[in-house]
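Residue strings, one per chain:
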Amino acid sequence: MSCFAAFPVGRRFVCKRSIQQTSNLFSLVLPYRVNPCARSSSTQTNHHPSRNHSHRRRNIGAAVTAVGIIAGFSIYTRRVRRKKLATLTPATESGLLISSSTPGQTSNPSSTKYEVSSLIELITRAGLVGNTKSVKDELDALRKWHTERGFNGGLVVRDLSRPLFTLDLFNSDSGKQDSPSRQSSVASTDIGAMNQRECYYLYYEILSNGETRQQLFCRGTTLFSDVLTCLQTWFVYDEELGCRVHHGFNEHANRIVEDVIPLLVPPSRHSTVELCGHSLGGAVAMLVAIKLRKRGYFISRVTSVAGPRFCRGLEERDVLEKWLPADTIRIEDDLDLVTYLPPFGVSVGDKLWLVTDYCDGRKKEDVYMLPREWMEDKLGNSNWVESVWLNLRLFESLREQYGTHRVSSYAKKLKQIQHTRVPNDSDNLVE
């Protein structure tokens, strides 16, 4: 009764008081008469306060347990990794990495020694594409860079906005039936709908000995369509390669192969082809090299910088290794996430491993040269080098990913090695 007696008083208060005071009065009156369920529900929740506390304790306990497991696993893998790294021979002591070759001596494509200055030049040239707003500006920038550094050969920049030649016209002149693997990419793909800018560029030069040197540089991830290509991580069987490979990378490699063949000198012993690529272009360069080798071209060198993994397993790796030249190297930074993706894939070639370790609050950088013969150890002693769980340090990788994946970061680390610790090839000859 007291509640209803207070109601007319509240009505008089509307004229004298503010609307906020009236709303406060209704909040006192309505829960008891107008909405009786509100009180019952509120009192019902207060009957068992211990339930809420128990749920909170369970959630906090589960979170603390998960963090403890992750931290313990991280500490354990780091200790195991440091012990295994101590068993590796640094690249500067392996004799496989040299600062520069002997003056007047031409490089031997079958040699297992890698010249640091040549690697720096290659990866720098691979990072020249994808930095301008148009293909014309890209071509002008490439021509200027090469001319200033004494490269007097020709340049071709391809954007794949439309096919250079269609297979139907190409085959109609020769009257030959094309293989199924060559019919699958250009003829069935609407390349114009891909909206891709420069995809690769080709540098060609006739040397003094009459040899034609052709260098193909594949662009890394630049456009959204490149991201979609990388996300096609399922492995498919390729009849031409004879094994299962990354679907997105394989399709990208098929488009480049069909587009670049009309630009290359026909296969002969007087012409060579070199390939290099960064990120997505690194994996694609490997596949393009194998496909060109199977079609008769002489591949002299393949270089992959920060390239992802593109074959399914060790059996597929053994199949692809047979078609790659001795001078096949992949340069990887252990803090670069891209080199671990996809985590269930495998890479090929010799591995130049740039390792950064944080021990006792200090940053320590080392370089290891791991030849493919060591990587193909059948006893599994070298499998830990490719292990994602043992080598991936997620926190450091996410913190430094933007910097470590760039071409300039790889070139900078190689320059530090060149100026400080790597001997010359002439020093080895004197010894």
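Note that the structure is predicted; figures quoted are calculated from it, not measured. (Residues numbered from 1 in each chain as written. Predicted model: local features only at pLDDT ≥ 70, side-chain atom pairs only at ≥ 80, totals over all residues. Heavy atoms only, no water.)

Bringing the pairing of strand β5 (residues 212-218) into the picture now. With six of seven residues buried, β5 lies mostly within the body of the structure. Across seven bridges, the pairing between strand β4 (residues 200-206) and β5 is antiparallel. Bridging across to β5, Tyr 200 finds its partner in Cys 218. (Buried < 20%, exposed > 50% of the residue type's maximum accessible area, 1.4 Å probe, protein only. Helix = DSSP H or I, 4+ residues; strand = E, 2+ residues; numbered from the N terminus. Pairing = 2+ DSSP bridges.)

We now examine unusual backbone geometry. Pro 342 follows Leu 341 through a cis peptide bond whose omega is -15 degrees. In this model, Ser 279 sits at a positive phi of 60 degrees, which is unusual for a non-glycine residue. Secondary-structure assignment places Ser 279 in the loop between β8 (271-278) and α12 (280-294). Among the residues examined, Ser 279 registers a relative accessible area of 5% and is labelled buried. One non-glycine residue, Ala 306, lies in positive phi territory at about 55 degrees. Relative to the helices and strands, Ala 306 resides in the loop between β9 (299-305) and α13 (314-321).

Attention now moves to the environment of Gln 418. Turning to its location among the elements, Gln 418 is positioned in helix α17 (residues 407-420). Remark: the alpha-carbon pair of Gln 418 and Ser 99, spanning 319 residues in sequence, is separated by 5.5 Å. With near-sequence residues (within four places) excluded, Gln 418 lies in contact with Ser 99, Val 116, Ser 117 and Ile 120. (Contact = heavy atoms within 4.5 Å.)

Here we take up helix α7 (residues 135-148). Residues three or four positions apart in an α-helix share a direction because the helix packs 3.6 residues into each turn. An ideal rise of 1.5 Å per residue puts 20 Å on 14 residues; α7 measures up with 20 Å between its terminal C-alpha atoms. Its buried side turned inward, α7 meets α6 (116-126), β3 (154-158) and β4. Count one or two residues on from α7 and you reach Gly 150, which has phi positive near 85 degrees. (Expected span 1.5 Å × (residues − 1).)

On to the sheet that holds strand β12 (residues 362-370), then. One open sheet holds the eight strands; their spatial order is β3-β4-β5-β8-β9-β10-β11-β12, and the pairing between them is mixed. Each edge of the sheet is formed by a strand with only one pairing partner; in this case those strands are β3 and β12. Shown here is a sheet whose adjacent strand axes are inclined to one another by a mean of 15 degrees, direction ignored. (Axes fitted to C-alpha atoms, helices over the stretch in contact; angles between N-to-C directions.)

It is worth spelling out the pattern of salt bridges at this point. The tally for this structure, following the rule as stated, stands at 27 salt bridges. Linking Asp 334 and Arg 81 is a salt bridge whose minimum nitrogen-to-oxygen distance equals 2.6 Å. Pair noted here: Asp 334 is in the loop between β10 (328-333) and β11 (350-359) and Arg 81 is in helix α4 (residues 49-85), with a separation of 253 residues, a long-range link. Taking the relative accessible area as the measure of exposure, Asp 334 reaches 0% and is therefore buried. Across the salt bridge formed by Arg 82 and Asp 357, the nearest N and O atoms sit 3.0 Å from each other. One end of the pair, Arg 82, is in helix α4; the other, Asp 357, is in strand β11, and 275 residues separate them in sequence. Overall, Arg 82 belongs to the partly exposed group, its relative accessible area being 30%. (Salt bridge = Lys/Arg side-chain N within 4 Å of Asp/Glu carboxyl O.)

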